[in-house]
Amino acid sequence: MYKILAKKQLSNDVFYMRVEAPEIARNRKAGQFVLVQIDVNYGERVPLTIADADAAEGWVALVFQAVGASTFKLSQKNIGDELGAILGPLGTPSIIKKHEGPVLVVGGGIGSAPCYPIVQALKAAGNKVIVVVCARNKDLLIYEEEMKAVADEVIVMTDDGSAGRQGVSTVPVDELCQSQTPPAEVIAIGPPIMMKFVCKTTEKYNIPTTVSLNTIMIDGTGMCGGCRVSVGGKTKFVCVDGPEFDGHQVDWDNMMMRMKSYKEKETEAFHQCKLEAQVNG
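Everything quoted here is computed from the prediction, not taken from an experiment.

Section: the packing of aromatic side chains
Alright, step 1. By the definition in use, this model includes 2 aromatic pairs.
Alright, step 2. Ring centres of F15 and F64 lie 5.8 Å apart, and the angle between their planes is 25 degrees; on these two criteria the pair is classed as stacked. Taken together, the residues span a long stretch of sequence, with F15 in strand β2 (residues 14-20) and F64 in strand β5 (residues 59-65) at a distance of 49 residues.
Alright, step 3. For F64, a relative accessible area of 1% corresponds to the buried category.
Alright, step 4. Across from the ring centre of Y16, 5.0 Å away, lies the NZ or CZ of K8, which sits over that ring.
Alright, step 5. The lysine or arginine in question, R18, covers the ring of W59, its NZ or CZ lying 3.9 Å from the ring centre.

As structure tokens, then:
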């Protein structure tokens, strides 16, 4: 069960895995995620958004960045290996509807992967979809070709100008918000700081903006409280109330502060894990 069927490296430390999970593949909807446990009896549960799925073939696609000990261990798994457990699909699915105007989807870095099923669903609902794919440089861009195959228009942005246009994601967002046909909705997924400033940009034009949050998560049922965020002054739990929220209502500073809670321990564990891999390799 949960056998790895395919694996490839998309960019520096970013990996794509296709995993056998027929029940999840049949039941997942755009915007949902899973909790992955690498070993059967122990280990951290890692929340990963479902980047794609095939119900007929019974697999789900996961895209992740090896930034901590658990994701690094996951990156060392190969085709044919099995994962201990995958729990899902979890979270509230994306609200997909037909809009009068275009829908703008903004994917920052690894956030472009979870944008993909949302773009697919929006197109299936009959929307015109414009996608902004952005990264620090061309080597960190992912899902550009996949988006071009689905979306009506794809805008590529890199901080250094090594691919597409030079600049950050808010540049085309601001331009499109001021255009004659502004977006009916903006959806942003990526680093918290990117989502925060996309929301600040769209707020000026009163354009509804949805974000997908990837916070600290432990049990995935709302009981532990690790994933709590403040939205509109109320406490919400990303695993059961989200992961999608009204971006204009999110307390971004509080969320980013909480996400640093285990940073030091994560860094220590990551370096130890890489050292063990070098010794054992």
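Quick look at the pattern of salt bridges
Alright, step 1. Summed over all chains, the structure comprises 7 salt bridges.
Alright, step 2. Its salt-bridge partner being D253, residue K196 comes within 2.9 Å of it at the nearest N-O pair. Of the two residues, K196 is situated in helix α6 (residues 192-203) and D253 in helix α8 (residues 252-258); the sequence distance between them amounts to 57 residues.
Alright, step 3. Residue K196 is classed as buried on the basis of its relative accessible area of 14%.
Alright, step 4. Residues participating in the shared-partner salt-bridge network are E144, E145 and K148.

Section: helix α5 (residues 170-177)
Alright, step 1. Most of α5 sits out of view: 6 of its 8 residues are buried.
Alright, step 2. Of the residues making up α5, those classed as buried are T170, P172, V173, D174, L176 and C177.
Alright, step 3. Those residues of α5 that are buried are in contact with β7 (103-108), β8 (129-135), β9 (153-158), β10 (165-166) and α6.

Quick notes on the side chain of S11
Alright, step 1. By the secondary structure assignment, S11 is in strand β1 (residues 4-11).
Alright, step 2. For S11, a relative accessible area of 9% gives the class buried.
Alright, step 3. The contact partners of S11, leaving out residues within four places of it in the chain, are D139, L140 and I142.

A word on unusual backbone geometry
Residues other than glycine predominantly adopt negative phi, and peptide bonds predominantly adopt the trans conformation.
Alright, step 1. Geometrically, the link from G88 to P89 is a cis peptide bond, its omega value of 0 degrees lying close to zero.
Alright, step 2. Take P89: it is sitting in strand β6 (residues 85-90).
Alright, step 3. Here D13, not a glycine, exhibits a phi torsion of approximately 70 degrees, which is positive.
Alright, step 4. Relative to the helices and strands, D13 is located in the loop between β1 and β2.
Alright, step 5. The phi dihedral of Y143 is positive, around 65 degrees, even though this residue is not glycine.
Alright, step 6. Locating Y143 in the fold gives a position in the loop between β8 and α4 (144-150).

Conventions used here
- Residues numbered from 1 in each chain as written.
- Predicted model: local features only at pLDDT ≥ 70, side-chain atom pairs only at ≥ 80, totals over all residues.
- Heavy atoms only, no water.
- Phe/Tyr/Trp six-rings, centres within 6.5 Å; stacked < 30°, edge-to-face > 60°.
- Helix = DSSP H or I, 4+ residues; strand = E, 2+ residues; numbered from the N terminus.
- Buried < 20%, exposed > 50% of the residue type's maximum accessible area, 1.4 Å probe, protein only.
- Lys NZ or Arg CZ within 6 Å of the ring centre and 35° of its normal.
- Salt bridge = Lys/Arg side-chain N within 4 Å of Asp/Glu carboxyl O.
- Contact = heavy atoms within 4.5 Å.

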